[in-house]
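Listed here are the chains, written in short residue letters.
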Amino acid sequence: MHMHKYEKIWLFFGIGSLFLFLTIVGVSAFAQGNQPPSCLTTIDPEKVDQTPPFNKPGLVKTGDNEYQLNIVASAFAYTPNQIEIPKGAKVTINVTTKDVIHGFEMVGTNVNMMVEPGYVNSFTKTFNETGEFTILCNEYCGTGHHLMTAKVKVVD
Ligand code: CUA
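Residues numbered from 1 in each chain as written. Predicted model: local features only at pLDDT ≥ 70, side-chain atom pairs only at ≥ 80, totals over all residues. Heavy atoms only, no water.

Asker: Describe the sheet that holds strand 7 (residues 102-106), listing the residues and the values that go with them.
Answerer: As a general point, the strands of a sheet are linked pairwise by backbone hydrogen bonds and lie either parallel or antiparallel. With mixed pairing, 5 strands are arranged side by side in an open sheet as 5-11-10-7-8. Because the sheet does not close on itself, it has two edges, and the strands there are strand 5 (82-86) and strand 8 (112-115). Sheet twist, expressed as the mean angle between neighbouring strand axes with direction ignored, is 20°. (Pairing = 2+ DSSP bridges. Helix = DSSP H or I, 4+ residues; strand = E, 2+ residues; numbered from the N terminus. Axes fitted to C-alpha atoms, helices over the stretch in contact; angles between N-to-C directions.)

Structure follows, in structure tokens:
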């Protein structure tokens, strides 16, 4: 079979750029370690129940009007799943997972985190108004994904 000279050149060029592309993707994905940039704290996902503060999940007062809200995600629930926050509280939400990747979205707010095994994700928010918020999982995590919710009440 006869191949035109230019056809060969283009074929070579095409394969060459494919390899170049795959090399760039491979190096950039794995060279610096494949981890989300916002996850600075690590945790052993097998030992979440024994690791403070997640051995006692819930709301903890840490200062004047300042709180820590530690939440454990697992298939298919958040612990705790009913949370009361005093109005005006500045809350640092720390969340981790015992099993697979989950989401943590507080509907109607800018709180939206991906929860990955091995990492603690944090977000600080001040709750200035009373009301109710729903937390839901926005990463597909299995058959009970759509059941994975929690409620936050901001009270006077
Ligand atoms: Cu957890 Cu979807």
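Now that the structure has been shown, the text picks up again.
Asker: So what's going on with the pairing of strand 10 (residues 131-136)? Which residues, and what values?
Answerer: As defined by bridge partners, strand 7 adjoins strand 10 across 2 bridges and the pair is classed as antiparallel. Residue pairing across strands places Met 106 opposite Ile 135, the latter belonging to strand 10. Pairing between strand 10 and strand 11 (residues 149-155): 6 bridges, direction antiparallel. The residue bridging Thr 134 from the neighbouring strand is Lys 151, located in strand 11.

Asker: Please provide a residue-by-residue account of the nonpolar core, values included.
Answerer: Counting residues in each nonpolar core, the largest one holds 25 residues, and the members touching the most others are Tyr 78, Phe 104 and Ile 135. For this core, the secondary structure elements donating two or more residues are strand 3 (66-74), strand 5, strand 6 (90-97), strand 7, strand 8, strand 10 and strand 11. Looking at this core, the element that brings in the most residues is strand 3, giving 4 residues. With residues up to four places along the chain from it excluded, the contact list for Tyr 78 reads Ile 71, Val 72, Ala 73, Gly 103, Phe 104, Ile 135, Leu 136, Cys 137, Met 148, Thr 149 and Ala 150. Ranked by size, the runner-up nonpolar core spans 5 residues in total, among them Ile 43, Val 48, Val 72 and Val 120. (Core = buried A, V, L, I, M, F, W, Y, C linked by side-chain atoms within 4.5 Å. Buried < 20%, exposed > 50% of the residue type's maximum accessible area, 1.4 Å probe, protein only. Contact = heavy atoms within 4.5 Å.)

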